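Listed below are the residues making up each chain.
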Amino acid sequence: HAALFRAVQPLLEQAAAGPKGSARVVLVSSLAQYDATGVPLTLAEVNSGPAGPPLYDRSKLAQVLFAQEAARRLGPDSAIFVNSAHPGAVNSNIWDSAIPELMGDGFAGRAVMRLMDKLRAEWMWTVDEGALTQLFLAAAADTLKARGLRAPCFPPPA
């Protein structure tokens, strides 16, 4: 994220120049950030340790921390808004591989997958609904400016 941000920062500053200009950077995080063990300070730390949920958790925490630090460095008067958002529990295809990867494809894995399929259908956001917060952060320049919304991790739509 940092290298990409540095590469596009001149373009973001150009877009934000002028009295009505603004630019937005939106990172997709997750409540899994709260399960992260430790605070990763380097790419090596983010990628170390066991694969699966611990790695995912640290990557989501890193996104939130990156958004906060980028917003801090840009300053409160910047017309570049950097935010992160948790989309909520979204019925996406991530579940098709996540459950078998965690539980295996034996009896327990199949049972959890059946339960997950029911939860996905009845309780999770659709992919379109899960994208609403990110779309808001990307498009609502006037609201972001008026409220000074910078760097918090926004919750899913309620």
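Going by the structure above, here's the rest.
Predicted, not measured: the structure shown is a model, and the values here were computed from it.

## Re the nonpolar core
- In this structure, Phe5, Leu12, Val25, Leu27, Ile80 and Val82 are the most contacted members of the largest nonpolar core, which totals 13 residues.
- Put simply, the parts of the chain that give this core at least two residues each are helix 1 (2-16), strand 1 (23-28), helix 3 (53-74) and strand 2 (80-85).
- Here the element with the most residues in this core is helix 3; it accounts for four residues.
- Setting aside residues no more than four positions away along its own chain, Leu12 makes contact with Phe5, Ala23, Arg24, Val25 and Ile80.
- The next biggest cluster of nonpolar side chains, apart from the first, holds six residues, and it includes Phe81, Ala85, Leu144 and Leu149.

## Observations concerning the pattern of salt bridges
- Applying the stated criterion across every chain, the model contains four salt bridges.
- The residue Arg73 makes a salt bridge to Glu69 at a minimum N-O spacing of 2.8 Å. One end of the pair, Arg73, and the other, Glu69, are both in helix 3, four residues apart, so they sit about a helical turn from each other.
- Judged by relative accessible area, which is 66%, Arg73 ranks as exposed.
- By relative accessible area, Glu69 is classed as partly exposed at 27%.
- Its salt-bridge partner being Lys118, residue Glu122 comes within 2.9 Å of it at the nearest N-O pair. Here Glu122 pairs with Lys118, and both are found in helix 5 (residues 107-123), just four residues apart, close to one helical turn.
- Among the residues examined, Lys118 registers a relative accessible area of 51% and is labelled exposed.

## Some points on the sheet that holds strand 3 (residues 153-154)
- Here we have three strands laid out as an open sheet, ordered 1-2-3, and parallel in their pairing. In this open sheet, the two edge strands, each paired with only one partner strand, are strand 1 and strand 3.
- Of the strand pairs in this sheet, strand 2 and strand 3 are connected by two bridges, and their pairing is parallel. Within strand 3, the position partnered with Ser84 by the bridge is Cys153.
- Contacts from helix 1 reach strand 1 and strand 2 within the one sheet, and its direction differs from that of strand 1 by about 140 degrees.
- Strands strand 1, strand 2 and strand 3 of the sheet are contacted by helix 3, whose axis makes an angle of about 160 degrees with strand 2.

Cut-offs applied
Residues numbered from 1 in each chain as written. Predicted model: local features only at pLDDT ≥ 70, side-chain atom pairs only at ≥ 80, totals over all residues. Heavy atoms only, no water. Core = buried A, V, L, I, M, F, W, Y, C linked by side-chain atoms within 4.5 Å. Buried < 20%, exposed > 50% of the residue type's maximum accessible area, 1.4 Å probe, protein only. Helix = DSSP H or I, 4+ residues; strand = E, 2+ residues; numbered from the N terminus. Contact = heavy atoms within 4.5 Å. Salt bridge = Lys/Arg side-chain N within 4 Å of Asp/Glu carboxyl O. Pairing = 2+ DSSP bridges. Axes fitted to C-alpha atoms, helices over the stretch in contact; angles between N-to-C directions.

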